[in-house]
Amino acid sequence: MRIGILTSGGDCPGINATIRGVCKTAMNHYGMEVFGIHSGFRGLVDDDVIPLTEGSLTGLLNMGGTILGTSREKPFKRKTNTLTEDKPAMMLKTIEKHQLDCIVCIGGNGTQKTAAKLADTGVNVVSIPKTIDNDVWGTDVSFGFDSAVSIATDAIDRLHSTASAHQRVMVIEVMGHKAGWIALYSGMAGGGDIILLPEIPFDIHNIGDTIINRLKKGKPYSIVVVAEGIPTVNGKKAAQYIAEEIEYETGFETRETVLGYIQRGGSPTAFDRNLATRMGGHATELIAGGQFGRMVSLCGSEITSVPLGEVAGKLKLVTEDNDLVVQGRRMGICFG
């Protein structure tokens, strides 16, 4: 059997470990041939395909990024004019040329949607969820999330000392456009006093009162963790907006820190390396068993899979009844 593997969307820690998990299982256990597709779905359009060998996998387990490269190519996006290239047809031509029996697609929400559409054309597809945002529906956790949370938590830990020394309010912005999982988990783990998520409405006056009340209780500094996707005004960035509003509401000196792409880079944590390895291996098991059109997922402590058609177009978001939100409120943490 010949399988192709691609990585699409944003990079994150653990992609290379997943590629390694797929390829080593395919080659060593099932005797399959594996081909790497460069630059995501763009590589299928451009026929940028290379054979992978055992030598291609050396040193991948702890390596950040992706050896296959990535892109945000959306080959099924509606044509704007008659001269636009027929990308779906070009992908099918590439798959037929290399006699690929299955395509493994590693990526986030957009990738899962494209993978489902590719499967609808008759191509055998197995996908693996990849995102630091942890917002892919159908899996409890995606690899890359634990690494991002660890990086953000370390940054929050470091801000405590400078906030305490200068008796300031420190606002730290982490990634998460629509889902606040990174802000929630790193904010709780890092001892944030206020945690703002896109899913939970907040009142800036309440935030100001929380900070003032902390001062009255003898707590001269506060840590505010915000997801980048919270609502702001006039297009302001999340950290800038909240820092300005806090200074206006309280008069306290406030500083902002934006982590940005630091959260997506570097080596994956041990948890993510193991999760990526397990997911990669399970994807190959699905292929060997002829179970196509499915996305690998983590359910509790077990690796399983769900139909791609149930995943595409859905988001997994933080809810008010999430255990960490409930417990945080019980401890006096402000969520808005």
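This text follows the structure it describes.
Residues numbered from 1 in each chain as written. Predicted model: local features only at pLDDT ≥ 70, side-chain atom pairs only at ≥ 80, totals over all residues. Heavy atoms only, no water.

### As for helix α8 (residues 238-250)
Link 1 in the chain: Taking 1.5 Å of rise per residue, 13 residues should cover 18 Å, and α8 covers 18 Å from first to last C-alpha, within 8% of that figure.
Link 2 in the chain: Those residues of α8 lying buried are Ala238, Ala239, Tyr241, Ile242, Ala243, Ile246 and Thr250.
Link 3 in the chain: Those residues of α8 that are buried are in contact with β6 (169-174), β7 (194-196), α7 (204-216), β8 (222-227) and β9 (254-258).
Link 4 in the chain: Phi turns positive, to about 80°, at Gly251, one or two residues after α8. (Helix = DSSP H or I, 4+ residues; strand = E, 2+ residues; numbered from the N terminus. Expected span 1.5 Å × (residues − 1). Buried < 20%, exposed > 50% of the residue type's maximum accessible area, 1.4 Å probe, protein only. Contact = heavy atoms within 4.5 Å.)

### Looking at the packing of aromatic side chains
Link 1 in the chain: If you walk through the whole model with that rule in mind, you get 2 aromatic pairs.
Link 2 in the chain: With centroids separated by 5.3 Å and ring planes inclined at 75°, the aromatic side chains of Phe145 and Tyr185 adopt a geometry described as edge-to-face. Of this pair, Phe145 sits in helix α5 (residues 145-166) while Tyr185 sits in helix α6 (residues 181-189), and the two are 40 residues apart along the sequence.
Link 3 in the chain: For Phe145, a relative accessible area of 6% gives the class buried.
Link 4 in the chain: The exposure class assigned to Tyr185 is partly exposed, which follows from its relative accessible area of 35%.
Link 5 in the chain: Ring centres 6.3 Å apart and planes at 50° place the aromatic pair Trp181 and Tyr185 in the tilted group. With Trp181 and Tyr185 both in helix α6 and 4 residues apart, this pair spans about one turn of that helix.
Link 6 in the chain: Look at Trp181 and you get buried, because its relative accessible area is 8%.
Link 7 in the chain: Taken together, the ring pairs connect Phe145, Trp181 and Tyr185 into an aromatic cluster.
Link 8 in the chain: Directly above the ring of Trp137 sits Lys314, whose terminal nitrogen or CZ lies 4.3 Å from the centroid.
Link 9 in the chain: Sitting above the plane of the Trp181 ring, Lys316 keeps its charged end 5.6 Å from the centroid. (Phe/Tyr/Trp six-rings, centres within 6.5 Å; stacked < 30°, edge-to-face > 60°. Lys NZ or Arg CZ within 6 Å of the ring centre and 35° of its normal.)

### As for the pattern of salt bridges
Link 1 in the chain: Overall, the coordinates contain 13 salt bridges when judged by the stated rule.
Link 2 in the chain: Across the salt bridge formed by Asp47 and Lys97, the nearest N and O atoms sit 2.6 Å from each other. Within this pair, whereas Asp47 is found in the loop between α2 (41-46) and β3 (49-52), its partner Lys97 is found in helix α3 (residues 87-97), the two being separated by 50 residues in sequence.
Link 3 in the chain: Two residues, Arg329 and Glu320, come together in a salt bridge whose shortest N-O distance is 2.6 Å.
Link 4 in the chain: The exposure class of Arg329 is partly exposed, given its relative accessible area of 38%.
Link 5 in the chain: Residue Glu320 is classed as partly exposed on the basis of its relative accessible area of 40%.
Link 6 in the chain: Connected through salt bridges with shared partners, the residues Arg42, Asp46, Glu73 and Lys87 form a single ionic network. (Salt bridge = Lys/Arg side-chain N within 4 Å of Asp/Glu carboxyl O.)

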